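Descriptive structure summary
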Amino acid sequence: MIQWDDSLAVGIDEIDSQHKSIIALINELATLQGSGDEATAAKALRFLRAYLHDHFELETELMLDLAYPQLKEHRQQHELFIDHVIFFEIEKEFGVVTDQMLADILAFLQDWFLTHITREDKALGVFVRTQSLSA
Ligand SMILES: [Fe+2]
Ligand SMILES: [Fe+2]
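Residues numbered from 1 in each chain as written. Chains lettered and ligands numbered in written order. Predicted model: local features only at pLDDT ≥ 70, side-chain atom pairs only at ≥ 80, totals over all residues. Heavy atoms only, no water.

Observations regarding the environment of Asn27
You can see Asn27 is positioned in helix α1 (residues 13-31). For Asn27, a relative accessible area of 13% puts it in the buried group. Sequence-wise, Asn27 and Ile2 are 25 residues apart; in three dimensions their C-alpha atoms are separated by 6.6 Å. (Helix = DSSP H or I, 4+ residues; strand = E, 2+ residues; numbered from the N terminus. Buried < 20%, exposed > 50% of the residue type's maximum accessible area, 1.4 Å probe, protein only.)

Structural notes on the nonpolar core
Ile26, Leu29, Leu48, Leu52, Leu109 and Phe113 are the most contacted members of the largest nonpolar core, which has 35 residues in total. Within the residue set of this core, elements represented by two or more residues are α1, α2 (38-65), α3 (71-82) and α5 (99-134). The contacts of Leu52, once residues within four sequence positions are left out, are Ile22, Phe81, Leu109 and Phe113. (Core = buried A, V, L, I, M, F, W, Y, C linked by side-chain atoms within 4.5 Å. Contact = heavy atoms within 4.5 Å.)

Describing the coordination of the iron ion (ligand 1)
Taken together, the protein donors to the iron ion (ligand 1) comprise Glu59 (OE), His74 (NE2), His78 (NE2), His116 (NE2) and Asp121 (OD), at separations of 2.0 to 2.2 Å. Between the iron ion (ligand 1) and the iron ion (ligand 2), a spacing of 3.5 Å is present, and a bridge between the two is formed by Glu59. Residue His74 and its partner His78 are located together in helix α3, separated by four residues, close to a single helical turn. A relative accessible area of 2% means that His74 is categorised as buried. (Donors = N, O, S within 2.8 Å, 3.2 Å for Na, K, Ca; no water.)

Looking at α2
A rise of 1.5 Å per residue sets the reference length of α2, with its 28 residues, at 40 Å; its end C-alpha atoms lie 41 Å apart and thus fit the reference within 8%. Among the residues of α2, Ala41, Ala42, Leu45, Leu48, Leu52, His55, Phe56, Glu59, Thr60 and Met63 are the ones counted as buried. Following α2 by one or two positions, Ala67 adopts a phi angle in the positive range, close to 50°. (Expected span 1.5 Å × (residues − 1).)

Topic: the confidence of the model for the protein chain
Summing up the model confidence of the protein chain, the mean pLDDT is 89 and the portion of residues at 70 or higher is 91%. Looking over the protein chain, one finds the lowest element-wise mean pLDDT in helix α4 (residues 85-94), namely 66, and the highest in α1, namely 95. (pLDDT = per-residue confidence, 0-100.)

What to know about the packing of α2 against α3
Packed helices, taken two at a time, are described by their axes: the angle between them and the distance between them. One way to put it is that α2 packs onto α3 with a least axis distance of 11 Å and a crossing angle of 170°. When the axes of α2 and α3 are compared, the pair comes out roughly antiparallel. The segment α2 lies against α3, with Arg49, Leu52, His53, Phe56, Glu59, Thr60, Met63 and Leu64 engaging Leu71, His74, Arg75, His78, Phe81 and Ile82. In the contact of α2 with α3, the residues fall into seven nonpolar, four polar and three charged. (Axes fitted to C-alpha atoms, helices over the stretch in contact; angles between N-to-C directions. Parallel < 35°, antiparallel > 145°, perpendicular 65-115°, else oblique. Nonpolar A, V, L, I, M, F, W, Y, C, P; charged D, E, K, R; others polar.)

Below you can see the structure in the form of structure tokens.
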């Protein structure tokens with residue numbers, strides 16, 4: 001389970017509130033572990049992926065608006081994530097979510113998401129704040 005605290009705050013309200021929602025979705029997925037409820041787990045994963053897609057779009061729009069210098073690198077991180085084979089395989093190849101897969105996905109998600117927030121998203125937050133100070 002991921003616990004939200006201020007150390008994860010990026011300082012942009014809309015982004016922070018979406019990050020909280022994503023953490024809630026990841027934690028919800030974690031509660032399905034060991035339940036044997038493959039259909040619900042697959043549905044929760046699809047929802048999470050759709051939500052993440054929208055979230056990445058919001059960040060991309062913001063970066064484009066501000067001509068953010070690290071846009072390319074940041075976007076690449078999002079794309080790598082979206083393309084990640086685990087998500088792809090589940091929907092396209094297997095169509096089911098086993099407990100082992102769910103455990104692997106959760107480990108990957110938690111690790112990626114926390115690392116991405118604390119590195120790329122926070123850097124974006126700092127940039128946004130310096131921009132609005134100089135505006
Ligand atoms: Fe991001
Ligand atoms: Fe983000």
